[in-house]
Number of protein chains: 2
Amino acid sequence: MIPGKQPGKNKINDIKMKMRKVISFVSLLLCVATVSAQQALWGGQDIVSPEIHPDHTVTFRFHAPKASSVQITGDFLPAQQVDTPQGTFDAPGVADLSKGADGLWTYTTPAPLAPELYSYSFLVDELKVTDPNNVYLIRDVASLTNVFLIDGGRADLYKVNAVPHGTVVRRWYFSPTLDKERRLTIYTPPGYEQSSDSYSVLYLLHGMGGDEEAWIALGRTAQILDNLIARGEARPTIVVMTNGNVYQEAAPGESTLGFYKPTMQLPQTMEGSMEESFPDVVRFVDSNYRTVAEKKGRAIAGLSMGGYHSLHISKEYPDMFDYIGLFSAAIFPGEDVESPVYDNFEQKLQTQFDQDPQLYWIAIGKTDFLYQANVDYRKILDEKGYKYIYFESEEGHIWKNWRIYLTEFVPLLFR
Amino acid sequence: MIPGKQPGKNKINDIKMKMRKVISFVSLLLCVATVSAQQALWGGQDIVSPEIHPDHTVTFRFHAPKASSVQITGDFLPAQQVDTPQGTFDAPGVADLSKGADGLWTYTTPAPLAPELYSYSFLVDELKVTDPNNVYLIRDVASLTNVFLIDGGRADLYKVNAVPHGTVVRRWYFSPTLDKERRLTIYTPPGYEQSSDSYSVLYLLHGMGGDEEAWIALGRTAQILDNLIARGEARPTIVVMTNGNVYQEAAPGESTLGFYKPTMQLPQTMEGSMEESFPDVVRFVDSNYRTVAEKKGRAIAGLSMGGYHSLHISKEYPDMFDYIGLFSAAIFPGEDVESPVYDNFEQKLQTQFDQDPQLYWIAIGKTDFLYQANVDYRKILDEKGYKYIYFESEEGHIWKNWRIYLTEFVPLLFR
């Protein structure tokens, strides 16, 4: 009924037979998959896009026989300056694909691309669409963009390499201050589970529109930490990625609100609740992980709105963090945001710096719309003689910079 | 320099001022985001798609002024029968959207939809694209499809509800048999971290083309477990979601292979290596989690190829699992796949059933292409007098059924 395997006399025939049999199952399954998904999953549409060539030029392909125009836009193209009433900003460039006889449109970069994690979309008759041949997308607020990576240089830190891998956890905690169950993303470094040591903790905060998925997805935090630790350039560190929208339980799609359309701004992000409730997170982490549960074992850093949060949380709780990182921080010296965190601002800042934090690190890009606010803030620190380290990069308010800042900041921690 | 907050005499004026100031920051940030992403994130494009109406009809919207045809395809539409040389299969239906004067295409379902997690795509001038107003997509092998959920009935088990949430972990283990670091997705139930109890473990296996992300994403495992546990319908259980492609370290994009195009089939999936190496996973889980590390505390279940794996792993190690679930299992009585797992098949099956597994559960859909193979397999079990429970559903080889099977299977475990 169910015959056992009959060892054949001829091993090659055996293997051929095995291949034929496996293929017959695959064909059938493929047929079902093809019909039900209405597209070839295997053996059918063999378009590769993007194709990264050995010289690091890249070819993009898009099959659209009926389209009259296919373009590509992405941060690998030279930026265009766009004038708006609020000022001049960089926008990603656009390039035209050429149509082949078979309805396959292609574009190859004229020159090799520098190592980086890039994002792109197609514009088909002006309609923005994702690349159907690239399943790697990252969500930023309400938009999804395809990504690809050119390796080498710093971008090697963004790759999964053959190094020990940490653990990434999505976990819920209760915030008594907010009276809410909330979701965290936590990275524990390789070896954490087998060790009995205590580990230092970096609290890593996202910007406006982000959530607890932002740093792990767009920020490549797990890969950056795995790689820096493997190179001996970072101490094994726990990284706690919070949700800075205190109004939310969790990232869009991960809460009781279901699958709603994410928006850029949520209430209560910059009026003091994040700062007030932050000790709930620290208490949860210290009582659920083997941490160095004191100032010297804690860092806090964030981008944009998360930089604002990091500035104020570290100031409100001057005994809590020895390492502070402000990445393109939304610093508004009393002009744009009103919050109780500005009460006795100068006095609290004095208290924080009187206690000599190990590191106060400020980074910003030259074209960032927050550049001047950061210049002004550094002027204050300079006048007071408060020590900080300043890192200035090219470009502006973009994830490329925040990944760079993370790779620069983490090696300075807990030394 | 940095003025502290000046408590105003008029609280309403204070709040107005606060709103104005926060909005000025948001406007600026929004402007940057809009320019750099070339699309409105907030306040701009306010298309809602899908819009689920209170009566559970659904409207889909797509803005494409230049398109001459926009259609929608998805599993919420009545299936169409498609004839192929391999037989007749169900394919998702297609419906036309109507064009409005503003270039906004719409389609509203003629009747309310039954509770379910549905998937869909648009066809714009026959080009398959995702919905730019819906960021919720799930990857299945090499295709990405938008999803939405109609609540009620069983589909309430697929939602994030206001119940205690378990923890979801992505973690790497070393397989000595395969000499490879490999990635696992592990769900631990609410309360696991605070408890000192030992927990039973369900090993949950994906099908061909899947990986360790399949059950957590398409299968809604975390939501189903959270909800069943909260209702008292399931024991708090650890769920270990393995990668059944022994050739792989990890899901596409999560391994050293980088961002490559996933394929339906990988080598070594059905020739015995998965079965041979499976005890490595069990050993890792038993030594890293507080488990009931014996037969009565272990279940194994899988869909399609994962059903094949579950059948054979449970038979190869008859002392390991007391609960076995075959979901639309790829059962090939000696005809399609040749593997050492068929050596002494009947004798090993006899050994397994002689030890009285607590539950041997077989589920399949009426139109599944594997239906007859399951009928034949049950005939064998019947002839031998081996006890099993059989669950037959409508439809075929689809995730809708595998979610249903999980909700039926889990309540039967560890009682």
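Per-chain numbering applies: the sequence of each chain, read as written, is numbered from 1 onward. Chains carry letters from A onward and ligands carry numbers from 1 onward, assigned in written order. Local features in this predicted model are restricted to residues of pLDDT 70 or higher, and side-chain atom pairs are both shown and tallied only at a pLDDT of 80 or more, whereas totals for entire chains, interfaces and linings draw on every residue. Note: side-chain values were computed over all heavy atoms of the structure, leaving out hydrogens and water.

Peer 1: Requested: an account of the environment of Ser175 of chain B, with residues and values cited.
Peer 2: Where helices and strands are cited, they refer to DSSP runs of H or I of at least four residues and of E of at least two residues respectively, numbered from the N terminus. Residue placement: Ser175 of chain B occurs in strand 13 (residues 167-175). Once residues within four sequence positions are removed from consideration, Ser175 of chain B is found in contact with Lys180, Arg182, Ser277 and Asp280 of chain B. What makes two residues a contact is simply this: any of their non-hydrogen atoms within 4.5 Å.

Peer 1: Please give an account of helix 4 (residues 273-288) of chain A that cites residues and values.
Peer 2: Residues and elements named next belong to chain A. To estimate the expected span of a helix, subtract one from its residue number and multiply by 1.5 Å. Here helix 4 spans 23 Å end to end across 16 residues, near enough to the 22 Å set by a 1.5 Å rise per residue. Turning to helix 4, its buried residues number three or more, namely Ser273, Met274, Glu275, Ser277, Phe278, Pro279, Asp280, Val281, Val282, Phe284 and Val285. Buried-residue contacts for helix 4 involve strand 13 (167-175), strand 14 (180-188), strand 15 (200-205), strand 16 (237-241), strand 17 (298-303) and helix 5 (305-316). Each residue is placed in one exposure class: buried if its accessible area under a 1.4 Å probe, protein chains only, is under 20% of its type's maximum, exposed if it is over 50%, and partly exposed if it falls in between.

Peer 1: Now, about the sheet that holds strand 1 (residues 51-52) of chain B: what can you tell me, with residues and values included?
Peer 2: Residue and element names in this part refer to chain B. A strand pair is defined by DSSP finding two or more bridges across the two strands. One open sheet holds the four strands; their spatial order is 1-2-8-7, and the pairing between them is antiparallel. For this open sheet the edge positions go to strand 1 and strand 7 (98-99), each flanked by a neighbour on one side alone. Two elements, strand 2 (residues 58-63) and strand 8 (residues 104-108), share five bridges in a ladder whose sense is antiparallel. Counted as the bridge partner of Phe60 is Tyr107 from strand 8.

Peer 1: So what's going on with helix 6 (residues 345-354) of chain B? Residues and values would help.
Peer 2: All names here are of chain B. Those residues of helix 6 not exposed but buried are Phe345, Leu349, Gln352 and Phe353. Each buried residue of helix 6 sits inside an arc of 90° when the element is viewed along its axis, so together they form one side. Summarising the geometry of helix 6, the exposed residues directed more than 90 degrees from the buried face are Gln347 and Asp354. Contacts made by the buried residues of helix 6 are with helix 5 (305-316), strand 18 (323-327), strand 19 (359-365) and helix 7 (371-384). Just downstream of helix 6 lies Asp356, where phi reads positive at about 50°. Arc, as used here, means the arc of the directions from the helix axis to the C-beta atoms.

Peer 1: Break down the nonpolar core for me, with residues and values.
Peer 2: Residue types Ala, Val, Leu, Ile, Met, Phe, Trp, Tyr and Cys, when buried and joined through side-chain atoms within 4.5 Å, form a set referred to as a nonpolar core. Within the largest apolar cluster, 103 residues are counted, with the highest numbers of intra-cluster contacts made by Tyr203, Tyr360 and Tyr377 of chain A together with Tyr203, Tyr360 and Tyr377 of chain B. When residues no more than four places from it in sequence are discounted, the contact partners of Tyr203 of chain A are Val240, Phe278, Val281, Val282, Val285, Arg298, Ala299, Ile300, Ala301 and Phe321 of chain A. Core analysis: the next-biggest nonpolar cluster, separate from the first, contains 44 residues, Ile72, Leu127 and Ile150 of chain A together with Ile150 of chain B among them.

Peer 1: Explain the pattern of salt bridges to me, and be specific about the residues and the numbers.
Peer 2: In the sections that follow, a salt bridge refers to a side-chain nitrogen of Lys or Arg positioned within 4 Å of a carboxyl oxygen of Asp or Glu. In the structure shown here, the tally under the stated rule is 40 salt bridges over all chains. A salt bridge links Glu346 of chain B to Lys384 of chain B; the nearest nitrogen and oxygen atoms lie 3.5 Å apart. With Glu346 of chain B in helix 6 and Lys384 of chain B in helix 7, this residue pair connects regions lying 38 residues apart in the sequence. On the basis of relative accessibility, which here comes to 32%, the residue Glu346 of chain B falls in the partly exposed class. Through salt bridges with shared partners, one network takes in Arg170, Arg183, Glu212, Glu213 and Glu254 of chain A.

Peer 1: How would you summarise unusual backbone geometry if you had to cite specific residues and measurements?
Peer 2: Cis geometry is adopted by the peptide bond preceding Pro50 of chain A, which originates at Ser49 of chain A and carries an omega value of -5°. Phi at Gln268 of chain A is positive, roughly 65°, even though this residue is not glycine. Structurally, Gln268 of chain A is set in the loop between strand 16 and helix 4. The backbone phi angle of Glu395 of chain B is positive, close to 60°, even though this residue is not glycine. Structurally, Glu395 of chain B is set in the loop between strand 20 (389-393) and helix 8 (399-409).

Fair warning: the whole summary comes from geometry, so function is off the table for now.
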